[in-house]
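Analysis of the macromolecular model
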Amino acid sequence: MKVMANTLDRGFFMYQEEFEKKALEVLRSGWYVLGKEVSSFEEEFAEYVGCKHCVGLASGLDALWIAFRLLGIGAGDEVLVQGNTYIASVMGITMNGATPVFVEPDEYYNLDASRLEEKITERTRAVLAVHLYGQASNMEEIMEVAKRHNLRVVEDCAQSHGAKFDGRMTGTFGDIGCFSFYPSKNLGAFGDAGAIVTNDEKIAEDARIFRNYGSEKRYYNKVIGANSRLDEMQAGLLRVRLRHMEELETQKRGICERYLRELDGEKFLLPRIREGATHIWHQFVIRSDRRDELMKYLRDQDIGTLIHYPIPPHLSEAYRYLGFRKGDLPVTEKYADTVLSLPLFYGMTEEEQSYVIECMNRF
Ligand SMILES: *Cc1c(COP(=O)(O)O)cnc(C)c1O
């Protein structure tokens with residue numbers, strides 16, 4: 001049997017008829033960028049998250065970039081972010097000229113709130129909390145520290161659509177929640193797409209203007225903006241998938257609960273769930289000191305796995321100018337050397353799950 005790390009067409013075939021109907025509707029509508037599908041999606045997604053406003057954008061990276069920009073964070077400002085995140089989180093900060101300050105992650109792979117304060121300087125302006133792998137960060141403590149030091153809070157929810165902390169959706173705690181709808185995310189489009197959510201009307205308005213060349217009215221440009229528009233096709237297809245989120249979440253949770261029950265917890269460090277947090281399982285990440293050997297062994301059994309992420313941002317070539325060296329963030333680096341994401345996707349069959357579990361436990 002062959003099991004790939006991800007098989008995206010399964011998620012399409014689950015609702016093939018609905019997706020195809022919507023795609024034809026959009027093609028035949030004669031309106032392709034920023035139209036009624038986009039505004040309907042914005043309304044429906046805002047309601048799903050429990051926020052007043054949602055503004056559709058071109059990608060998750062754009063959402064982060066625009067979020068910090070609208071908060072006025074730029075050159076000379078420092079933003080606290082966890083060291084083990086996807087590099088796009090960090091680029092959202094540095095695209096504005098601001099400086100990322102890396103905080104070590106906790107045992108749930110999210111920002112370790114107890115280590116935030118030691119990194120705060122007089123230049124610190126914001127915290128970027130990334131709800132990595134689909135589990136909500138410790139938002140209670142993060143918000144407390146932010147309040148105490150008058151910091152803005154941005155949430156990177158690219159992996160956490162629908163995840164909650166204390167019964168409240170991720171993306172609604174801070175000033176702005178940033179979402180990606182890249183095809184492999186839990187709420188995925190069929191191309192690039194992203195959004196911000198916020199309860200601040202001014203931020204939502206500014207984002208709407210910024211995404212369309214800084215214009216509110218056609219050919220009247222208020223600010224120097226960008227082209228970060230969401231198109232009708234992606235918005236329409238996202239609306240179809242959004243209607244099925246509950247079913248999709250239940251399906252992924254079922255797979256991961258089985259992994260948790262049946263994988264050998266003595267051999268591998270299985271994911272843990274924080275009290276008060278929910279996990280929507282964007283990734284099922286285990287740890288092993290023999291990770292590379294395990295990955296190769298699984299590949300020989302025709303099982304695909306991925307590493308999220310092999311090179312932490314502070315050690316990547318792109319951020320060499322920040323001057324970090326190996327050993328500067330030991331927890332982050334240990335995770336990079338030991339994490340492994342098992343196959344997980346919508347429409348994964350029970351036989352595929354059994355095969356992965358069997359092979360893993362035989363390692
Ligand atoms: C995917 C992702 C992004 C970037 O989203 P894009 O839509 O690919 O630009 C940002 N942060 C995290 C944590 C992600 O997983």
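Residues numbered from 1 in each chain as written. Predicted model: local features only at pLDDT ≥ 70, side-chain atom pairs only at ≥ 80, totals over all residues. Heavy atoms only, no water.

Our next topic: the packing of helix H10 (residues 291-300) against helix H12 (residues 350-362). Relative orientation of the contacting elements H10 and H12 amounts to 130 degrees, with a least axis distance of 10 Å. Between H10 and H12, the angle is such that the two are oblique. Crossing of H10 over H12 shows right-handed handedness. On the side of H10, the interface is formed by Leu-294, Tyr-297 and Leu-298, while H12 contributes Cys-359, Met-360 and Arg-362. When the residues that make up the contact of H10 with H12 are grouped by side-chain class, the tally is five nonpolar, no polar and one charged. (Axes fitted to C-alpha atoms, helices over the stretch in contact; angles between N-to-C directions. Helix = DSSP H or I, 4+ residues; strand = E, 2+ residues; numbered from the N terminus. Parallel < 35°, antiparallel > 145°, perpendicular 65-115°, else oblique. Left-handed = near helix turned anticlockwise from the far one by under 90°. Contact = heavy atoms within 4.5 Å. Nonpolar A, V, L, I, M, F, W, Y, C, P; charged D, E, K, R; others polar.)

Applying the stated criterion to the full structure yields 22 salt bridges. Between Glu-107 and Arg-272 there is a salt bridge, with the nearest N and O atoms lying 3.8 Å from each other. Residue Glu-107 is located in the loop between strand E3 (99-103) and strand E4 (124-130), and its partner Arg-272 is located in the loop between helix H9 (245-262) and strand E12 (285-287); the two are separated by 165 residues in the primary sequence. Through salt bridges with shared partners, a single ionic network connects Lys-22, Glu-25, Lys-36, Glu-37, Glu-44 and Arg-239. (Salt bridge = Lys/Arg side-chain N within 4 Å of Asp/Glu carboxyl O.)

Let's shift gears to the pairing of strand E2 (residues 78-82). Counting buried positions over the five residues of E2 gives five, a clear majority of the element. When E2 meets E3, the two strands line up parallel, connected through five bridges. Bridge pairing links Val-79 to Pro-100 in E3. Alignment of E2 against E4, held across four bridges, turns out to be parallel. By the bridge assignment, Glu-78 is partnered in E4 with Thr-124. (Buried < 20%, exposed > 50% of the residue type's maximum accessible area, 1.4 Å probe, protein only. Pairing = 2+ DSSP bridges.)

Right, let's talk about the environment of Asn-186 for a bit. With respect to the secondary-structure elements, Asn-186 resides in the loop between strand E8 (176-180) and strand E9 (194-198). For Asn-186 and Arg-241, which are 55 residues apart along the polypeptide, the C-alpha to C-alpha distance reads 9.7 Å. Within the structure, Asn-186 has its side chain in polar contact with the side chain of Lys-252 (distance 2.8 Å). One polar contact links the side chain of Asn-186 to the main-chain carbonyl oxygen of Ile-280, over a distance of 2.8 Å. (Polar contact = N/O pair within 3.5 Å; in protein donor to acceptor, adjacent residues only side chain to side chain.)

Residues in contact with the ligand amount to 13 residues; listed here are only the nearest, Gly-60, Asp-156, Gln-159, Ser-180 and Lys-185. Between the ligand and Ser-180, the relevant distance is 2.6 Å, taken from an oxygen atom to a side-chain nitrogen or oxygen of the residue. The contact in question runs from an oxygen atom of the ligand to an N or O atom on the side chain of Lys-185, over 2.7 Å. For the ligand, the accessible surface in isolation is 380 Å², of which the surrounding protein chains cover 91%. At the level of secondary structure, the elements contributing two or more residues to the shell around the ligand comprise helix H4 (60-70) and helix H5 (87-94). Tallying contributions element by element places H4 first for the shell around the ligand, with three residues. Grouping the constituent residues of the shell around the ligand by class yields six nonpolar, five polar and two charged. (Near = heavy atom within 4 Å. Areas by Shrake-Rupley, 256 points an atom, 1.4 Å probe, with all protein chains shown as cover.)

Pairing is mixed across the open sheet formed by seven strands, whose spatial order is E1-E9-E8-E5-E4-E2-E3. Strand pairing shows two members of the sheet lacking a second neighbour, strand E1 (53-57) and E3, which therefore form its edges. Strand-to-strand twist across the sheet, computed as the mean angle between neighbouring axes with direction ignored, equals 25 degrees. Summarising the sheet, strand E5 (residues 152-156) and E8 pair through three bridges and their orientation is parallel.

End to end, helix H2 (residues 16-29) covers 20 Å across 14 residues, agreeing with the expected 20 Å (1.5 Å per residue, within 8%). Buried within H2 we find Phe-19, Lys-22, Ala-23 and Val-26. Along the axis of H2, the buried residues cluster in a sector spanning 100 degrees; they form a single face. Those residues of H2 that are exposed and angled more than 90 degrees off the buried face are Glu-17, Lys-21 and Arg-28. Buried residues along H2 sit in contact with helix H1 (8-13), helix H3 (36-49) and helix H8 (232-242). Looking one or two residues beyond H2, the residue adopting positive phi is Gly-30, at roughly 80 degrees. (Expected span 1.5 Å × (residues − 1). Arc of directions from axis to C-beta.)

Structurally, His-53 can be placed in strand E1. A relative accessible area of 17% means that His-53 is categorised as buried. Beyond its immediate sequence surroundings of up to four residues, His-53 is in contact with Ala-46, Ile-196, Val-197, Thr-198, Asn-199, Asp-200, Glu-201 and Ala-204.

Each aromatic ring pair is characterised by the separation of its centres together with the angle its planes make. Tallied over the entire structure, the rule returns 21 aromatic pairs. With a centroid separation of 6.0 Å and an interplanar angle of 25 degrees, the aromatic rings of Phe-12 and Phe-19 are classed as stacked. Since its relative accessible area comes to 2%, Phe-19 is described here as buried. Relative to Phe-181, the ring of Phe-41 has its centre 5.3 Å away and its plane inclined at 85 degrees; by these criteria the two rings are edge-to-face. Taken together, the positions of Phe-41 in helix H3 and Phe-181 in the loop between E8 and E9 put the pair 140 residues apart, joining distant regions of the chain. (Phe/Tyr/Trp six-rings, centres within 6.5 Å; stacked < 30°, edge-to-face > 60°.)

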